[in-house]
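So the chains spell out like this:
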Number of protein chains: 2
Amino acid sequence: MIIDENVHLQIGSLIFDGIDQIDVTGPFEVLSRLPNSTCRLFGASMSTVCDMHGLKLTPDAILSDSPQLDVLHIPGGAGQESLMDNEEVLGWIRAQAAEAKIVFSVCTGALICGAAGLIKGRRATTIWSAIDLLPYFGAIIVNERVVRDGNWFFTAGVTAGIDGALAVAAALRGQEVAETIQLAIAYAPEPPFNSGTVETASPAVLSVAQMSVRELSASRLKTAERVAERLGIKTKS
Amino acid sequence: MIIDENVHLQIGSLIFDGIDQIDVTGPFEVLSRLPNSTCRLFGASMSTVCDMHGLKLTPDAILSDSPQLDVLHIPGGAGQESLMDNEEVLGWIRAQAAEAKIVFSVCTGALICGAAGLIKGRRATTIWSAIDLLPYFGAIIVNERVVRDGNWFFTAGVTAGIDGALAVAAALRGQEVAETIQLAIAYAPEPPFNSGTVETASPAVLSVAQMSVRELSASRLKTAERVAERLGIKTKS
């Protein structure tokens, strides 16, 4: 799907209170470097939003002022829960996704897209703590860091958005452009520990991490059950 | 230097116009999850700043309202150039660094710290496009992604701040805490290409990346020469 470099690309990210900020800022670091493109943040209002840990992000425009986006980027974070029945946001996502060249979900952005009824039958992923919920939205779990299904790209949790954005960049403008961006952002990661997945973390670390999201996970499950009913999706229970 | 978990940690990042946003938001993602800590952004004024590619970051407070920081975090980006003779900012960095438990430089934050006269004799690193300038500030080049020199942590460019922040987290609160953060942010990177360093990028990619920073690099060299003279540092020329 390489897009001619003379075609200007409109790239837009949804932001909201309680977002996990690197779900947006990681991909922004990559996608804002795409030649001949505009990369902006869109909010339900022009108010600054606060991320899960207090970082302030300011929208460039409100949802209703967005052009048709070529790349629709939906991030996640704990605040995703409050959007799951928000018809203004879900309707915007549906309308944009219908014409976008790429829809790019990071972390629990997949659940928001799911609540919009858009991931039925899709191969998808999300953060480890929410991945079991994907079937409630009709999606097929793929436990990989970046999952492509047609013109949809899904990533696992949080920092996986950087890897996913490089894949999106390559799909839009070719591998050499994506590699040049990778060098510009010096993306040759060297995590000091090997604790970034459920499979590699120590039992002690996994247990602490699971405890810290227990309440959120319970709430997400209840929401997923309710949305599944609204969407008419049957899940084993 | 593990700090007792009952001791509250004040963590502060400098922000400025023309910052490279992930130099701040990458470390924020890690450090804001440290138990018993406060993580805030400080600006010369309360105005929102624009990153190199237009992302807006809003300070939590102005420099003069900052408490003594336990972690002083200095990011970089093209806008670093405009701070190299800014005595308000350089003086703040000197005062904070004198008492901070850790000074944490990301990318060309090292040049700002250098302009403050703080990296003489230190083993240091910065982004590949500026690493040759470190001797102008009296530092010793170490071409590694994360370099520790006593209570100073330096990282290579841009996304290296995430790796560095995990090292800082481990130094402050122990490895298990850092590993739990790594799992929470799903940091198990899988770059789709191997182009993140000068050594691994293809000649074509390296050439494009070098061209794109040629003007900035020329300006940084001139500034480094001027600062070296001010600091009384002799460099081979």
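Going by the structure above, here's the rest.
The structure contained in this document is the topic of the report that follows.

What counts, and at which threshold
- Residues numbered from 1 in each chain as written.
- Chains lettered and ligands numbered in written order.
- Predicted model: local features only at pLDDT ≥ 70, side-chain atom pairs only at ≥ 80, totals over all residues.
- Heavy atoms only, no water.
- Helix = DSSP H or I, 4+ residues; strand = E, 2+ residues; numbered from the N terminus.
- Contact = heavy atoms within 4.5 Å.
- Buried < 20%, exposed > 50% of the residue type's maximum accessible area, 1.4 Å probe, protein only.
- Polar contact = N/O pair within 3.5 Å; in protein donor to acceptor, adjacent residues only side chain to side chain.
- Disulfide = S-S within 2.5 Å.
- Core = buried A, V, L, I, M, F, W, Y, C linked by side-chain atoms within 4.5 Å.
- Buried area = accessible area lost by both parts, 1.4 Å probe.
- Salt bridge = Lys/Arg side-chain N within 4 Å of Asp/Glu carboxyl O.
- Phe/Tyr/Trp six-rings, centres within 6.5 Å; stacked < 30°, edge-to-face > 60°.
- Least-squares fit on C-alpha atoms with pLDDT ≥ 70 in both.
- Pairing = 2+ DSSP bridges.
- Axes fitted to C-alpha atoms, helices over the stretch in contact; angles between N-to-C directions.
- Left-handed = near helix turned anticlockwise from the far one by under 90°.
- Nonpolar A, V, L, I, M, F, W, Y, C, P; charged D, E, K, R; others polar.
- Right-handed = clockwise from strand over helix to strand, strands pointing away.

### Notes on the overall build of chain A
For step 1, the next point in the chain: When its secondary structure is counted, chain A shows seven helices and 11 strands.
For step 2, the next point in the chain: Its C-alpha atoms give chain A principal-axis dimensions of about 50 × 40 × 35 Å.
For step 3, the next point in the chain: Expressed as a percentage of contacts within chain A between residues at least 6 apart in sequence, the contacts between residues at least 24 apart total 68%.

### As for the side chain of Ser 32 of chain A
For step 1, the next point in the chain: Topologically, Ser 32 of chain A is positioned in the loop between α1 (22-31) and β2 (37-43).
For step 2, the next point in the chain: Residue classification places Ser 32 of chain A among the buried positions, given a relative accessible area of 13%.
For step 3, the next point in the chain: Engagement of the side chain of Ser 32 of chain A in a polar contact is seen with the backbone oxygen of Phe 28 of chain A, the distance being 2.6 Å.
For step 4, the next point in the chain: Apart from residues no more than four positions distant in its own chain, Ser 32 of chain A is found in contact with Pro 27 and Cys 39 of chain A together with His 53 of chain B.

### Here we look at the state of the cysteines
For step 1, the next point in the chain: Counting across every chain of the model gives zero disulfides over all chains.
For step 2, the next point in the chain: Of the cysteine sulfurs around Cys 50 of chain A, a residue in no disulfide, the closest is that of Cys 39 of chain B, at 13 Å.
For step 3, the next point in the chain: For Cys 50 of chain A, a relative accessible area of 33% corresponds to the partly exposed category.
For step 4, the next point in the chain: Cys 107 of chain A carries a free sulfur, and the closest cysteine sulfur to it, the one in Cys 113 of chain A, is 12 Å from it.

### Regarding the nonpolar core
All names here are of chain B.
For step 1, the next point in the chain: Core analysis: the largest hydrophobic core is formed by 158 residues, its most contacted members being Ile 93 and Phe 137.
For step 2, the next point in the chain: The element that contributes the greatest number of residues to this core is helix α4 (residues 160-173), accounting for nine residues.
For step 3, the next point in the chain: Every residue in contact with Phe 137, bar those within four places of it in the chain, is listed here: Met 84, Leu 111, Gly 114, Ala 115, Ile 119, Lys 120, Ala 224, Val 227, Leu 231 and Ile 233.

### A short note on the interface of chain A and chain B
For step 1, the next point in the chain: Across the contact, 60 residues belong to chain A and 60 residues belong to chain B.
For step 2, the next point in the chain: Carbon and sulfur atoms supply 64% of the area that chain A and chain B bury against each other, a total of about 5000 Å² over both sides.
For step 3, the next point in the chain: Taken together, the links from chain A to chain B amount to four salt bridges.
For step 4, the next point in the chain: For the interface between chain A and chain B, the tally reads 31 residue pairs in polar contact (both at pLDDT 80 or more).

### Concerning the packing of aromatic side chains
Residues and elements named next belong to chain A.
For step 1, the next point in the chain: By the definition in use, this model includes four aromatic pairs over all chains.
For step 2, the next point in the chain: The interplanar angle of 45° and the centroid separation of 6.2 Å between the aromatic rings of Phe 42 and Trp 92 together place this pair among those described as tilted. Of this pair, Phe 42 sits in strand β2 while Trp 92 sits in helix α2 (residues 87-99), and the two are 50 residues apart along the sequence.

### With respect to the relation of the copies chain A and chain B
For step 1, the next point in the chain: With an RMSD of 0.0 Å, the fit of chain A onto chain B corresponds to turning through 180° and sliding 0.0 Å along the axis. Considering both components of the superposition, the chain copies are consistent with a two-fold axis.
For step 2, the next point in the chain: A shared interface surface links the copies, since 100% of the contact residues of chain A are contact residues in chain B too.

### Observations concerning the sheet that holds strand β7 (residues 102-106) of chain A
All names here are of chain A.
For step 1, the next point in the chain: Strand order in the open sheet formed by seven strands is β5-β2-β1-β6-β7-β11-β10, with mixed pairing between adjacent strands. The two strands at the open ends of the sheet, each matched to only one other strand, are β5 (61-62) and β10 (146-149).
For step 2, the next point in the chain: This element, α2, spans β1 (9-14), β2, β6 (71-74), β7 and β11 (152-155) of the sheet and lies at about 150° to β6.
For step 3, the next point in the chain: In the packing of helix α4 (residues 160-173) onto the sheet, the strands contacted are β1, β6, β7, β10 and β11, and the crossing angle to β7 comes to about 170°.

### Some details on the packing of α4 of chain A against helix α5 (residues 175-184) of chain A
Residue and element names in this part refer to chain A.
For step 1, the next point in the chain: For the pair α4 and α5, interaxial distance at closest approach is 7 Å and the crossing angle is 145°. α4 and α5 meet at a crossing whose hand is right-handed. On the side of α4, the interface is formed by Leu 166, Ala 169, Ala 170 and Arg 173, while α5 contributes Gln 175, Val 177, Ala 178, Ile 181 and Gln 182.
For step 2, the next point in the chain: Looking at the contact of α4 with α5 residue by residue, the class counts come to six nonpolar, two polar and one charged.

### Some details on the sheet that holds strand β10 (residues 146-149) of chain B
All names here are of chain B.
For step 1, the next point in the chain: Read across the sheet, seven strands follow the order β5-β2-β1-β6-β7-β11-β10 without closing on themselves; strand pairing throughout is mixed. Edge positions in the sheet fall to β5 (61-62) and β10, since each of these pairs with one other strand and no more.
For step 2, the next point in the chain: Running over the sheet, helix α1 (residues 22-31) touches β1 (9-14), β2 (37-43), β6 (71-74) and β7 (102-106) and is turned about 165° from β2.
For step 3, the next point in the chain: Relative to β7, α4 is tilted by about 170°, and along the sheet it contacts β1, β6, β7, β10 and β11 (152-155).

### Remarks on the pairing of β6 of chain B
Residue and element names in this part refer to chain B.
For step 1, the next point in the chain: Of the two faces of β6, the one carrying Val 71 and His 73 and the one carrying Leu 72 and Ile 74 are both buried.
For step 2, the next point in the chain: Relative to β6, β1 is paired through three bridges, and the arrangement is parallel. Across the sheet, the residue bridging to Ile 11 is Val 71, located in β6.
For step 3, the next point in the chain: As paired strands, β6 and β7 are joined by four bridges and run parallel to one another. Across the sheet, Val 71 pairs through a bridge with Ile 102, a residue of β7.
For step 4, the next point in the chain: Between the parallel pair β6 and β7, the chain is carried across by helix α2 (residues 87-99), and the sense of this crossover is right-handed.

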